[in-house]
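An overview of the molecular structure
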Amino acid sequence: MGNKKDDLKSAGNTVLRLIPKSMEYLEKTDEERIDYIKRERFIVYPGAQKVLNKLEELLIEPKKSRMPCLLIVGDSNNGKTSVVKKFLKMHMPTDGIETDAVPVIIVQAPPRPDVSMFYDSILDEILIPFKKSDSLSRKDAEITYYFSKLGTKILIVDEIHNILSGSVAKQKEFMNGLKNLNNKLLMPIVLVGIKEALNATNTDFQISSRFKPMYLKRWNFNKEYLTLLKSIEKILPLKKESNIAENDKLAENILDMSEGLLGEIIEIISLSAIYAIKSRKEKITLDEVKSTGYIQPSLRRSIDDLEAV
Ligand SMILES: Nc1ncnc2c1ncn2[C@@H]1O[C@H](COP(=O)(O)OP(=O)(O)OP(=O)(O)O)[C@@H](O)[C@H]1O
Ligand SMILES: [Mg+2]
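What you are looking at is a predicted structure, and each value in this text was computed from that prediction instead of being measured. (Residues numbered from 1 in each chain as written. Chains lettered and ligands numbered in written order. Predicted model: local features only at pLDDT ≥ 70, side-chain atom pairs only at ≥ 80, totals over all residues. Heavy atoms only, no water.)

What surrounds ligand 1 is a group of 17 residues, the closest being Ile43, Ser76, Asn77, Lys80 and Ser82. Taking Ile43, its main chain carries an N or O atom lying 2.7 Å from a nitrogen atom of ligand 1. Taken by itself ligand 1 offers 620 Å² of open surface, and the protein chains cover 80% of this. According to the grid-proximity analysis, the pocket containing ligand 1 is the largest pocket. Elements supplying a minimum of two residues to the shell around ligand 1: α5 (80-90) and α13 (262-278). Among the residues forming the shell around ligand 1, the class breakdown is six nonpolar, seven polar and four charged. Residues lining the shell around ligand 1 come from more than one domain, with at least three contributed by each of domain 1 (16-39 + 235-297) and domain 2 (46-216). (Near = heavy atom within 4 Å. Polar contact = N/O pair within 3.5 Å; in protein donor to acceptor, adjacent residues only side chain to side chain. Areas by Shrake-Rupley, 256 points an atom, 1.4 Å probe, with all protein chains shown as cover. 1 Å grid on protein atoms, 1.4 Å probe; cavity = no way out; pocket = protein on both sides within 12 Å on 5 of 7 lines; lining within 4 Å. Sits in = over half its atoms within 2 Å of the grid points. Helix = DSSP H or I, 4+ residues; strand = E, 2+ residues; numbered from the N terminus. Nonpolar A, V, L, I, M, F, W, Y, C, P; charged D, E, K, R; others polar. Domains from an automatic or database assignment.)

Okay, here's the thing in structure tokens:
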């Protein structure tokens, strides 16, 4: 009788400890569960939510002569691209690019500060045929025309630090090009890049004052981090509870190994979960974390620290 009660209690806990989709996966094969763990997904955390809120604000900003812009900065592998992609997904056209409004456009900055190449990637993104040799003013006119036709309201430029590969004069020229596009399209421009990207916007006060930075910081051991761990664990279709967030030593180890980078935290926990499935332990402990063969980012740079195959 007592046992039955305990069974019911733990069954109840199981329902609460995983999201419904992951609950379904508990019944699937190991391979299917592993595949599911490897899938890309978006976990909302306070920093990402703040950026998403800011982007929503910019999206409904009424057109005026000085449209506000934004610079999203953070270390590499810390969730910048994921958050703007999530925003894009939230505003994806439902009816195909030609017939429906395309409010959000994301392009990658060119590999060097070259406005013409930058225009090429915008035209590529909106599937407009053009010749690379077309004049800048022609490409510019095409972009203005099609952005208006597509109802584009915000332009996001990822990897903006790419432009640091050119001379300071070229960087300045590129940033001025962005400023002009911002003035002409009367549309917020959002730049995304690593911290060094600040050097690009700092080329000129007019530009740095226009691109207000939002910083996706590395993770520290605090309540936000523990909440993140809980959110991640809720996704993992493991048959037993790991309670990572309640195990300080385990949580600290994961954070230390990850060097505070979101992509690494997720990678370590995913690899550990996969190991837990393969080893039939079905929960993550320090053993699983240490057994994954994961190498932390700063050690990857040194060949001496790599394990031979
Ligand atoms: N909100 C999130 N939810 C789940 N996974 C995430 C989230 N944000 C980032 N990730 C994971 O972290 C990895 C790195 O994230 P992302 O590519 O967004 O980093 P980044 O800051 O753009 O890096 P880089 O500067 O190198 O381009 C992604 O592959 C993704 O798996
Ligand atoms: Mg990125």
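Anyway, onward from the coordinates.
What the largest pocket holds in volume is close to 1000 Å³. Along the wall of the largest pocket there are 32 residues; nearest its centre are Glu40, Arg41, Phe42, Ser82 and Ile266. Residue contributions to the lining of the largest pocket peak at seven residues, all from α13. Of the residues belonging to the lining of the largest pocket, the class tally is twelve nonpolar, nine polar and eleven charged. (Points joined across faces, edges and corners; volume = space filled by probe spheres on them.)

Our focus in this paragraph is the environment of Leu262. Within the secondary structure layout, Leu262 lies in helix α13. C-alpha separation for the pair Leu262 and Trp219, spaced 43 residues apart in sequence, amounts to 7.2 Å. Once residues lying within four places of it in the same chain are set aside, the contact partners of Leu262 are Tyr45, Asn77, Asn78, Gly79, Trp219 and Leu228. (Contact = heavy atoms within 4.5 Å.)

If you trace the backbone, His91 turns up in the loop between α5 and β2 (104-108). Note on His91: relative accessible area 19%, which makes it buried. The residues touching His91, leaving out its near neighbours within four places in the chain, are Glu56, Leu59, Pro103 and Val104. (Buried < 20%, exposed > 50% of the residue type's maximum accessible area, 1.4 Å probe, protein only.)

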